[in-house]
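Understanding the architecture of this molecule
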Amino acid sequence: MKKLLVQLDDRSYPIYIGSGLLNRPELLTQHIKSRQVLVVTNETIAPLYLDAILKNLQSYIVETVVLPDGEQYKTLDFVARIFDKLLAGKFSRNATLIALGGGVIGDMGGFAAACYQRGIPFLQIPTTLLAQVDSSVGGKTGVNHALGKNMIGAFYQPQCVIADADVLDTLDDRQLSAGLAEVIKYGLIRDAEFFVWLENNMDALLARDKQALAFVIERSCINKAEVVVEDETESGVRATLNLGHTFGHAIETGVGYGQYLHGEAVAIGTCQAADLSRRKGWLNDADVARIMALFKRAKLPVNPPKEIDSQRFLELMAVDKKNVDGQIRLILLKKIGEATLPTDINQELLEVTLKTYGR
Ligand code: NAD
Ligand code: GLY
């Protein structure tokens, strides 16, 4: 087992990465300071992994909330079901919430924990590759709104993250690929050596080689933790973790939550960001081709949906947390391994990308 530390003063916490971790009760229980525990999961994950977690919690007073499965349920209405359970069960302020699931459950569970009685401790047990390499680490929690993705939320760090690579055995191939989109992101924004490693090892990852997956989870978490430690609440460098996300969120909101997986939308958005970075004169044609080739090899889409035209993209992109005074801001690439957040994105070039890239 590997143990990484996210160093955030009194909010510091470990990330455990390895195999068989769900069968190690002490990893979980050492971070639980209460008798009352609420496990939040969904109807797909519950039959697979809930029993293993409950077995580790036999000496606690445990209740569970099983939410419906899907990005379309990542809303305030469904977070209210978590509050209902906490209140009906008379959960106190020291109670612990465990989020067992992918990014949707992690974001919703974390947000409920941040809000209930103004904050109760919570633990992340991420069960998708995307959640293990990205969403469970760093304390971004929240829900979607019909008008904008992840627009309601809180920064709220967990007590620990337990990433058991064995749970990826039950993940389908499409979801595995979606997780790889966020992995490729780290290579592009700050880790060129990792990008090359991914080019050389994509086949092993798609074949679910355990060693390759464990390496990817660890390297991604190291990258994510470094960025979060430098800029926990996104006043600067943390925004680079959003490479491709402004385009991607527009796709998710525009076609309806749950149509494109988050990672798929990010893959397309990253290619759009690469195209714009080339127009800015930072990337060359060969760089863009390399980026698109890696996403394609990861079995991810690279072209935007036809039903969102450039005008609609601009409308949707105007609702984004990076925007300042209503102006769209985007993460672009200076080169493979270096991201930038330009103060002026150049509206004309953006429109050329939206009108021509992948059309
Ligand atoms: P998800 O949570 O919807 O999970 C994907 C699917 O896999 C679901 O159907 C789920 O039930 C199923 N599943 C989960 N674990 C499984 C397992 N081990 N075996 C079989 N099936 C399993 O999607 P996701 O890709 O994990 O997360 C996407 C969400 O994460 C988006 O809402 C996105 O906005 C958010 N996100 C948040 C952050 C952050 O920093 N908080 C970062 C990136 C993404
Ligand atoms: N996934 C983006 C962030 O954590 O900042």
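In this report, the structure presented in the accompanying data block is examined.

Cut-offs used in this document
- Residues numbered from 1 in each chain as written.
- Chains lettered and ligands numbered in written order.
- Predicted model: local features only at pLDDT ≥ 70, side-chain atom pairs only at ≥ 80, totals over all residues.
- Heavy atoms only, no water.
- Helix = DSSP H or I, 4+ residues; strand = E, 2+ residues; numbered from the N terminus.
- Rg over C-alpha atoms; globule rule 2.2 N^0.38 Å.
- Buried < 20%, exposed > 50% of the residue type's maximum accessible area, 1.4 Å probe, protein only.
- Contact = heavy atoms within 4.5 Å.
- Areas by Shrake-Rupley, 256 points an atom, 1.4 Å probe, with all protein chains shown as cover.
- Lys, Arg positive; Asp, Glu negative; His and termini not counted.
- Charge placed at Lys NZ, Arg CZ, Asp CG, Glu CD.
- Near = heavy atom within 4 Å.
- Polar contact = N/O pair within 3.5 Å; in protein donor to acceptor, adjacent residues only side chain to side chain.
- Nonpolar A, V, L, I, M, F, W, Y, C, P; charged D, E, K, R; others polar.
- Phe/Tyr/Trp six-rings, centres within 6.5 Å; stacked < 30°, edge-to-face > 60°.
- Lys NZ or Arg CZ within 6 Å of the ring centre and 35° of its normal.

**Quick notes on the overall build of the protein chain**
On a plain count of helices and strands, the protein chain comes out with 13 helices and eleven strands. Over its C-alpha atoms the protein chain spans a radius of gyration of 20 Å, differing by no more than 12% from the 21 Å that the globule rule assigns to 359 residues. For the protein chain, the spread of C-alpha atoms along the three principal axes comes to 60 × 40 × 35 Å. A burial count over the protein chain gives 58% of its 359 residues as buried. For the protein chain, the proportion of contacts with a sequence separation of at least 24, taken over those separated by at least 6, is 76%. Accessible area of the protein chain: about 14500 Å², with a carbon and sulfur share of 48%. Considering the protein chain, the positive charge centre built from 39 side chains and the negative charge centre built from 43 side chains are found 2 Å apart.

**Here's the deal with the site of ligand 1**
Ligand 1 sits among 27 residues. The nearest are Asp69, Lys74, Thr127, Thr128 and Thr170. One of the side-chain nitrogen or oxygen atoms of asparagine 42 is found 2.9 Å away from an oxygen atom of ligand 1. Glutamate 71 places a side-chain nitrogen or oxygen 2.8 Å from an oxygen atom of ligand 1. In isolation ligand 1 has 860 Å² of accessible area, and contact with the protein removes 90% of it. Elements that contribute at least two residues to the shell around ligand 1 include exactly helix 2 (46–55), helix 4 (103–115), helix 5 (129–135), strand 8 (148–155) and helix 6 (173–190). Split by residue class, the shell around ligand 1 holds seven nonpolar, eleven polar and nine charged.

**Side note on the environment of valine 237**
Locating valine 237 in the fold gives a position in the loop between helix 8 (210–230) and helix 9 (245–255). According to the relative accessible area criterion, valine 237 is partly exposed, its value standing at 30%. Spatially, the C-alpha atoms of valine 237 and valine 227 are 6.8 Å apart, while their sequence positions differ by ten residues.

**A closer look at the site of ligand 2**
Near ligand 2 the following residues occur: Asp134, Lys140, Lys224, Glu234, Arg238 and Leu241. Between an oxygen atom of ligand 2 and a side-chain N or O atom of lysine 224, the distance comes to 2.5 Å. Protein contacts shield 90% of the accessible area of ligand 2, which totals 200 Å² for the unbound molecule.

**A look at the packing of aromatic side chains**
In total, this model carries five aromatic pairs according to the counting rule given. Look at tyrosine 73 and phenylalanine 78: their rings are 5.0 Å apart centre to centre, the planes differ by 70°, and that puts the pair in the edge-to-face class. For the pair tryptophan 197 and phenylalanine 215, a centre-to-centre distance of 4.5 Å together with 40° between the ring planes defines the contact as tilted. Taken together, the residues span a long stretch of sequence, with tryptophan 197 in helix 7 (residues 192–206) and phenylalanine 215 in helix 8 at a distance of 18 residues. According to the relative accessible area criterion, tryptophan 197 is partly exposed, its value standing at 22%. Classification of phenylalanine 215 by relative accessible area gives partly exposed; the value is 28%. Across the ring face of tyrosine 186, the terminal group of lysine 185 is positioned such that the distance to the ring centre comes to 5.1 Å.

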